[in-house]
Amino acid sequence: MNDHYTPVYSHSSLNMKSSAIRDMMKLTGNPQMISFAGGLPGPEAFPLEELKDIIDRTIAEHGSSVFQYGTTEGYTPLRESICDLMYHIYGLSASPDNILVTSGSQQALYLLCKVLLNPGDAVITENPTFVGAISCFRSFMAEIHPLAIGNSGMDPVELDKKICELIIAGKKPRFIYTIPSIHNPTGITVDNSRRKAIYSVASKHDLMIVEDDPYGMIRYDNKHVVPFKNIDTEKRIVYLGSFSKTVSPGMRTGWLNAQEETVRRCTIAKQGEDTCSHTMSQFVIHEFIDTGSIYEQIERVKKIYRDKRDLMTDAIDRIIPSALYETPGGGLFLWLKFPENINTMTMHEKALKRNVAYVSGNSFYPGQGGENEMRLNFSFSSPSDIEEGIMRLGEVIEEESAKQ
């Protein structure tokens, strides 16, 4: 008689891979470790006093309602506030019926995939792209077709060519996934003219564009770039937003902005996922927007992260001159490229032994690539840890170079 039962796992679960970034989150518990690995906001950026006051007022005013289940679509005043926020920041008009509140923008992407993808369906992404998106597409057994982005984003001509190839092969893509503003991991921003050209290609082939925009509101280079959603005359753009980088990731509140039918189907899918997003967080973030506090918070976050970015780039220029990078106009990350003889994958364990962590570039490539690249987070660490961490990293790179 068997005394051990082995579950039979689904095909989709066997296709899942653990995120290198999430696996390294545990490193932040080591007080000796300087972690540039995760996408953690700086703890000093959290608006603790403002949130405490809002939480106290919210409980006093709404009582037990803030601890109750909410509607799956999300707290209606918050959906209205999100529309106001999008209009104030981007000039983008939307109705609450176009908004679904989600448990972070990652859930929004997951729900969208659940609604749109069948096993074997094709998805076009940038190359490299967000680790969480790669994991999500793989979990739904999609075929990922990445396009190189360089410093300007997807090439519309190459995009058109790739789509035609897939259509001829009977694999018309289900959608194009893009992070056009402060791209993760590279930090680039696609300019307005190229956005229009990419949109034209999507329109030509009747494709949806999924626009992931967690960093667009924390742009500190004063460059005026409008979301794809602003030029969406055909209701083919699904916009994903998040309060994780502007307010707090722990509140797990994001949103999806799409045509009403897509919102309806994603709402039904969400009913089977978590019923509703965190109720108190929705009440609190609504008040944070409604009082105007979020606009002050965004400016505060920009200043903190711009200063930290400048500290890190200065340290890299002095200590690791072999590293090439484009200075990002916002966001939380630097994307470094090294000579071919530096392999950031094999070097990773040595860096961890020096108590400094980063994410190897290959994690962001759906296929091959990125072996001589890495992503560094500058938002979480203190100024002194940024300097010390780059020194430790520089020592590891110097040792690696000397071996060649």
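As shown above, the structure is provided for reference.
This structure is a prediction, so every number in the text was calculated from the model and none was measured. (Residues numbered from 1 in each chain as written. Predicted model: local features only at pLDDT ≥ 70, side-chain atom pairs only at ≥ 80, totals over all residues. Heavy atoms only, no water.)

1. Observations concerning the overall build of the protein chain
At step 1: For the protein chain, the helix and strand inventory stands at 13 helices and twelve strands.
At step 2: For 404 residues, the compact-globule estimate of 2.2 N^0.38 gives 22 Å, and the protein chain sits close to it at 21 Å.
At step 3: Principal axes of the C-alpha set define a box for the protein chain whose edges measure 70 × 60 × 55 Å.
At step 4: Counting all 404 residues of the protein chain, 54% fall into the buried class.
At step 5: The long-range fraction of contacts in the protein chain, counting pairs at least 24 apart against all pairs at least 6 apart in sequence, stands at 76%.
At step 6: For the protein chain, the separation between the mean place of its 41 positive charges and that of its 51 negative charges on side chains is 4 Å. (Helix = DSSP H or I, 4+ residues; strand = E, 2+ residues; numbered from the N terminus. Rg over C-alpha atoms; globule rule 2.2 N^0.38 Å. Buried < 20%, exposed > 50% of the residue type's maximum accessible area, 1.4 Å probe, protein only. Contact = heavy atoms within 4.5 Å. Lys, Arg positive; Asp, Glu negative; His and termini not counted. Charge placed at Lys NZ, Arg CZ, Asp CG, Glu CD.)

2. Describing the environment of Met 86
At step 1: Mapped onto the secondary structure, Met 86 falls in helix α4 (residues 76–90).
At step 2: Residue Met 86 is classed as buried on the basis of its relative accessible area of 0%.
At step 3: In sequence terms Met 86 and Leu 311 are 225 residues apart; their C-alpha atoms lie 31 Å from each other.
At step 4: For Met 86, the contacting residues outside a window of four places in its chain are Gly 91, Leu 92, Met 217, Tyr 239 and Trp 255.

3. Description of α4
At step 1: Under the 1.5 Å per step criterion, the end-to-end length of α4 is 21 Å for 15 residues, consistent within 8% with the ideal 21 Å.
At step 2: The set of residues buried in α4 consists of Leu 78, Arg 79, Ser 81, Ile 82, Cys 83, Leu 85, Met 86 and Tyr 90.
At step 3: Residue Gly 91 follows α4 closely and has a positive phi angle near 70°. (Expected span 1.5 Å × (residues − 1).)

4. Quick look at helix α7 (residues 156–168)
At step 1: Helix length check: α7, at 13 residues, gives a terminal C-alpha distance of 18 Å against a target of 18 Å (1.5 Å per residue), a fit within 8%.
At step 2: Of the residues making up α7, those classed as buried are Pro 156, Leu 159, Asp 160, Ile 163 and Leu 166. The buried residues of α7 occupy an angular sector of 130° when the element is viewed end-on, so they sit on one face. Of the exposed residues in α7, those oriented more than 90 degrees away from the buried face are Val 157 and Ile 168.
At step 3: Those residues of α7 hidden inside the fold are in contact with β3 (122–127), β4 (143–148), β5 (175–178) and α8 (192–204).
At step 4: Sitting at the amino-terminal end of α7 is Asp 155, which places a side-chain oxygen 2.8 Å from the backbone nitrogen of Val 157. (Arc of directions from axis to C-beta. Polar contact = N/O pair within 3.5 Å; in protein donor to acceptor, adjacent residues only side chain to side chain.)

5. Digging into the sheet that holds β4
At step 1: The strand order β2-β8-β7-β6-β5-β3-β4 describes an open sheet built from seven strands, whose pairing is mixed. The sheet is open, and its two borders are formed by β2 (99–102) and β4, each paired with just one other strand. Geometrically, the sheet is characterised by an average inter-axis angle of 20° between neighbouring strands, direction not taken into account.
At step 2: The pairing of β3 with β4 spans six bridges and is classified as parallel. Bridged to Ile 124 within β4 is His 145. (Pairing = 2+ DSSP bridges. Axes fitted to C-alpha atoms, helices over the stretch in contact; angles between N-to-C directions.)

6. Considering the side chain of Gln 282
At step 1: Examined against the element boundaries, Gln 282 turns out to sit in helix α10 (residues 279–290).
At step 2: By relative accessible area, Gln 282 is classed as buried at 2%.
At step 3: Beyond its immediate stretch of four places on either side in the chain, Gln 282 contacts Gly 74, Tyr 75, Leu 78, Val 101 and Ser 277.

7. Quick notes on the packing of helix α3 (residues 48–62) against α10
At step 1: At a minimum axis distance of 9 Å, the contact between α3 and α10 shows a crossing angle of 115°. Our classification of the angle between α3 and α10 gives roughly perpendicular. As for the relative orientation of α3 and α10, their crossing is right-handed in sense. Between α3, through Glu 50, Leu 51, Ile 54, Ile 55, Thr 58, Ile 59 and His 62, and α10, the contact on the second element is made entirely by Met 280, Phe 283, Val 284, Glu 287 and Phe 288. (Parallel < 35°, antiparallel > 145°, perpendicular 65-115°, else oblique. Left-handed = near helix turned anticlockwise from the far one by under 90°.)

8. As for a negative patch on the surface
At step 1: Taken together, the side chains of Glu 49, Glu 50, Asp 53 and Glu 296 make up a negatively charged region of the molecular surface.
At step 2: It is α3 that contributes the most residues to the negative patch, three residues altogether.
At step 3: Take Asp 53: it is sitting in helix α3.
At step 4: Taking relative accessible area as the criterion, Asp 53 reaches 40% and is therefore assigned partly exposed. (Patch = residues over 30% accessible without salt bridge, like charges linked within 9 Å, V, L, I, M, F, W, Y side chains within 5 Å. Areas by Shrake-Rupley, 256 points an atom, 1.4 Å probe, with all protein chains shown as cover. Salt bridge = Lys/Arg side-chain N within 4 Å of Asp/Glu carboxyl O.)

9. Some points on the nonpolar core
At step 1: Ranked by size, the top nonpolar core spans 33 residues in total, and within it Tyr 305, Met 312, Ile 316 and Leu 376 carry the most contacts.
At step 2: Sorting the residues of this core by element identifies α11 (293–319), β9 (333–337), β12 (373–377) and α13 (383–403) as the ones contributing at least two each.
At step 3: For this core, the element with the most residues is α11, which contributes six residues.
At step 4: Each residue touching Met 312, except ones within four places of it in the same chain, is listed here: Phe 36, Leu 334, Leu 376, Asn 377, Phe 378, Ile 386 and Ile 390.
At step 5: Among the nonpolar cores identified, the runner-up in size contains 28 residues, and Leu 109, Leu 117, Val 123 and Phe 140 belong to it. (Core = buried A, V, L, I, M, F, W, Y, C linked by side-chain atoms within 4.5 Å.)

Everything listed here is a matter of geometry and, on its own, says nothing about what the molecule does.
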